[in-house]
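One-letter residues, chain by chain:
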Amino acid sequence: MPGLGGTPRATTPGDVGRDSELLASASILVVDDEAGMRNFMCRLLAPRCKRVAEAESAEAAARLLEAEPFDMLLLDNIMEGRHGLLWLQDLRASGYFGEVILISAFADLDTVIQAMREGAADFILKPFRANQILNAITRCLDRAHLRRENFLLKRQLHSLPARDGGVPDLLVGQSPALAVVRDMVERLAPLPTTVLLTGESGTGKEVTARALHQRSPRADKPFVPVNCAAIPAEMIESELFGHLKGAFTGAASSREGLFFYAQGGTLFLDEVAELPLPLQAKLLRVLEDKRVRPVGSERELPVDVRIIAATNVDLEQAAASGQMRRDLFYRLNVVNIHLPPLRERPEDVAPLARQFIAEISHQFGVPPMDLDPARIAELEGYEWPGNIRELRNLIERTIILGDRPRASTSAPVASADPASQTLEAVERAHMLNVLESVGGNRAEAARRLGVSRKTLDRKCAAWNV
């Protein structure tokens, strides 16, 4: 008999290819008290999946789930000991967010409805043919993939602009300083090692993190960027680890955390020094044990995520002052890649400017402007306190206004000699210039500056703006 949880969909060659890829990268746990059924399912799935495991009871399956993550459970409903539907209730209550297909030889409409309410993705009746269960599995994996992809795309709407068909490539240039960064990326990308990216704001830390992810074995899995300073302190634990229904006021339903969405891929923690101290302790535990506990759950769930962290502050100094846990600093600082400021690699200014001109001109549908030697010399001679981000903003503003890119006026300065200015004066001048360029829109200014709205509001208040 066919499954009750959905109907077959029309497929195209592209669908078939994607379904095969999703199945090939999936880890599936078969839970059934009949040895013959487990053997059939494992022989069917083992050549097609990344990993297949089996358990003869809910208790044995729970032990496997404690040890490693699975993308999907194929769960028999009527088993000796604990029935599958009852165990599914406990699974969802403890924070398991993976896909579950319930299988049974006996079912009525009430049982099917209850299974769907408890979060089963499909309900398959025994006996079934091999192609029926394979279709149900690929259908569920496809839905889960689209749900995750949709969530991540919504989060990344305000990320760096990408070139046609790809992720932005800002590791552009041939300077010796950038060559060191590029070499480190190539050496570290294949490894699961935690990486700490340091450098001034706007030097390309997220782009470097993306480059590490793209060149790693995890490239076909999600890259999830998180700006730790942009999430309110009272929400960031739930945002990272997820929460159960009723875990706090307003938690009307259970929700997966960003660690779940990054499963198998890379989680990029930008401005990691902004994490509250209590959450730093929990993050340290996740890094050490590879397990997360959703808010409101008594159970920890295994995760397979590579962590890349970034900061523009001195973490060692932050640890000494008590703003950063020293043990977390040591755990994050396994390998450090320092991103040099743009003023230390002037030979990269022209290639970056040309790339921005091409991207932005195409985006706005206008002819690209030329960069003559005099303009290049002017750009290369500027200090760029806002680094690559400031250069891009200058190019965008120039294309919009139809003027030549004048680096000397891209940020107001208090003195003709930048070396005589304090860092605070340079920061103030640059932030206020960006704020003015967007008509006082603080949300947009914070996005362009790469800081949280809260940080910009605090700075403006200190400057009486």
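Rules used throughout
Residues numbered from 1 in each chain as written. Predicted model: local features only at pLDDT ≥ 70, side-chain atom pairs only at ≥ 80, totals over all residues. Heavy atoms only, no water. Helix = DSSP H or I, 4+ residues; strand = E, 2+ residues; numbered from the N terminus. Buried < 20%, exposed > 50% of the residue type's maximum accessible area, 1.4 Å probe, protein only. Contact = heavy atoms within 4.5 Å. Areas by Shrake-Rupley, 256 points an atom, 1.4 Å probe, with all protein chains shown as cover. Phe/Tyr/Trp six-rings, centres within 6.5 Å; stacked < 30°, edge-to-face > 60°. Lys NZ or Arg CZ within 6 Å of the ring centre and 35° of its normal. Arc of directions from axis to C-beta. Axes fitted to C-alpha atoms, helices over the stretch in contact; angles between N-to-C directions. Parallel < 35°, antiparallel > 145°, perpendicular 65-115°, else oblique. Left-handed = near helix turned anticlockwise from the far one by under 90°. Nonpolar A, V, L, I, M, F, W, Y, C, P; charged D, E, K, R; others polar. Pairing = 2+ DSSP bridges. Patch = residues over 30% accessible without salt bridge, like charges linked within 9 Å, V, L, I, M, F, W, Y side chains within 5 Å. Salt bridge = Lys/Arg side-chain N within 4 Å of Asp/Glu carboxyl O. Core = buried A, V, L, I, M, F, W, Y, C linked by side-chain atoms within 4.5 Å.

Details of the overall build of the protein
- The helix and strand inventory of the protein stands at 19 helices and 14 strands.
- Across the 465 residues in the protein, those meeting the buried criterion constitute 50%.
- Within the protein, counting contacts between residues at least 6 apart in sequence, those at least 24 apart form 71% of the total.
- With an accessible surface of roughly 22000 Å², the protein has 53% of that area assigned to carbon and sulfur atoms.

What about the packing of aromatic side chains?
- Counted by the stated rule, this structure contains 7 aromatic pairs.
- On the basis of an interplanar angle of 20° and a centroid distance of 6.1 Å, the ring pair of Phe223 and Phe268 is categorised as stacked. Note that Phe223 is positioned in strand β7 (residues 223-227) and Phe268 in strand β10 (residues 266-270), a separation of 45 residues in sequence.
- The exposure class of Phe223 is buried, given its relative accessible area of 7%.
- An aromatic cluster of three or more residues is present, and its members are Phe97, Phe260 and Tyr261.
- In this arrangement the basic side chain of Arg51 is found over the ring face of Phe70, its NZ or CZ atom lying 4.8 Å from the centre.

Focus: helix α15 (residues 373-380)
- Taken together, the buried positions of α15 are Arg375, Ile376 and Leu379. Buried residues of α15 fall within an arc of 100° about the axis and therefore sit on the same side. Away from the buried face of α15 by more than 90 degrees, exposed residues Pro373 and Ala374 are located.
- The inward-facing, buried residues of α15 contact α14 (349-364) and α16 (387-401).

Brief notes about the packing of α14 against α16
- Two elements in contact, α14 and α16, have axes separated by 9 Å at closest approach and are oriented at 45°. One element, α14, and the other, α16, form an angle in the oblique class. For α14 against α16, the interelement crossing comes out right-handed. Taking contact as the criterion, the partners of Val349, Leu352, Ala353, Phe356, Ile357, Glu359, Ile360, Ser361, Gln363 and Phe364 in α14 are, on α16, Ile388, Leu391, Arg392, Ile395, Glu396, Ile399 and Ile400.
- The class makeup of the residues in the contact of α14 with α16 is 12 nonpolar, 2 polar and 3 charged.

Topic: the packing of α14 against α15
- It is the contact of α14 with α15, at a shortest axis distance of 9 Å, that shows an interaxial angle of 110°. On the basis of their axis angle, the class for α14 and α15 is roughly perpendicular. Classified by chirality, the crossing of α15 by α14 is right-handed. Together, Val349, Ala350, Ala353 and Arg354 of α14 and Ile376, Leu379 and Glu380 of α15 make up the contact between the two elements.
- Along the lines of polarity and charge, the residues of the contact of α14 with α15 split into 5 nonpolar, no polar and 2 charged.

Considerations on the sheet that holds strand β6 (residues 195-198)
- Read across the open sheet, the 5 strands follow the order β7-β10-β13-β6-β14; overall the sheet is parallel. A single partner strand is all that each edge strand has here, and the edge strands are β7 and β14 (335-338). Adjacent strand axes in the sheet meet at a mean angle of 20° when their direction is disregarded.

So, a nonpolar patch on the surface
- A surface patch of nonpolar side chains, about 380 Å² in accessible area, is lined by Phe364, Val366, Ile400 and Leu401.
- With respect to the helices and strands, Val366 occurs in the loop between α14 and α15.
- Under the relative-accessibility criterion, Val366 is labelled partly exposed at 33%.

Looking at the pattern of salt bridges
- Counting across every chain of the model gives 26 salt bridges.
- In this structure, Arg51 engages Glu68 in a salt bridge whose closest nitrogen and oxygen atoms are separated by 3.0 Å. Placement of the pair is Arg51 in strand β2 (residues 51-55) and Glu68 in the loop between α3 (58-67) and β3 (72-76), with a sequence separation of 17 residues.
- Classification of Arg51 by relative accessible area gives partly exposed; the value is 26%.

Quick notes on the nonpolar core
- Residues Leu240, Phe259, Leu267 and Leu269 are the most contacted members of the largest nonpolar core, which totals 36 residues.
- Here Leu267 is in contact with Val224, Val226, Leu258, Phe259, Ala262, Val305, Arg306, Ile307 and Ile308, once residues within four sequence places are set aside.
- Grouped together as the second largest cluster of nonpolar side chains are 24 residues, Val31, Leu65, Trp87 and Tyr96 included.

With respect to the sheet that holds strand β5 (residues 122-125)
- Sheet architecture is open: 5 strands sit in the order β2-β1-β3-β4-β5, paired in parallel fashion. Strand pairing shows two members of the sheet lacking a second neighbour, β2 and β5, which therefore form its edges. With strand direction ignored, the average angle separating the axes of adjacent strands in the sheet is 20°.
- Summarising the sheet, strand β1 (residues 27-31) and β2 pair through 5 bridges and their orientation is parallel. Counted as the bridge partner of Ser27 is Arg51 from β2.
- Along the sheet, helix α4 (residues 84-94) contacts β1, β3 and β4 (99-104); its crossing angle with β3, the most-contacted strand, is approximately 150°.

Some points on the pairing of strand β13 (residues 306-311)
- Burial analysis of β13 places 6 of its 6 residues in the buried class, the great majority of the element.
- Of the two faces of β13, the one holding Arg306, Ile308 and Ala310 and the one holding Ile307, Ala309 and Thr311 are both buried throughout.
- One ladder, built from 4 bridges, connects β6 with β13; its direction is parallel. Within β13, the position partnered with Leu197 by the bridge is Ala310.

Comments concerning the pairing of β3
- When you tally the buried positions in β3, you get 5 out of 5 residues, the bulk of the element.
- Here β3 shows two buried faces, one formed by Met72, Leu74 and Asp76 and the other by Leu73 and Leu75.
- Examined bridge by bridge, β1 and β3 share 4 bridges and lie parallel to one another. From the neighbouring strand, Ile28 faces β3, where its bridge partner is Met72.
- Direction of pairing for β3 relative to β4: parallel, over a ladder of 5 bridges. Residue Met72 lies in a different strand from β4, and its bridge partner there is Glu99.

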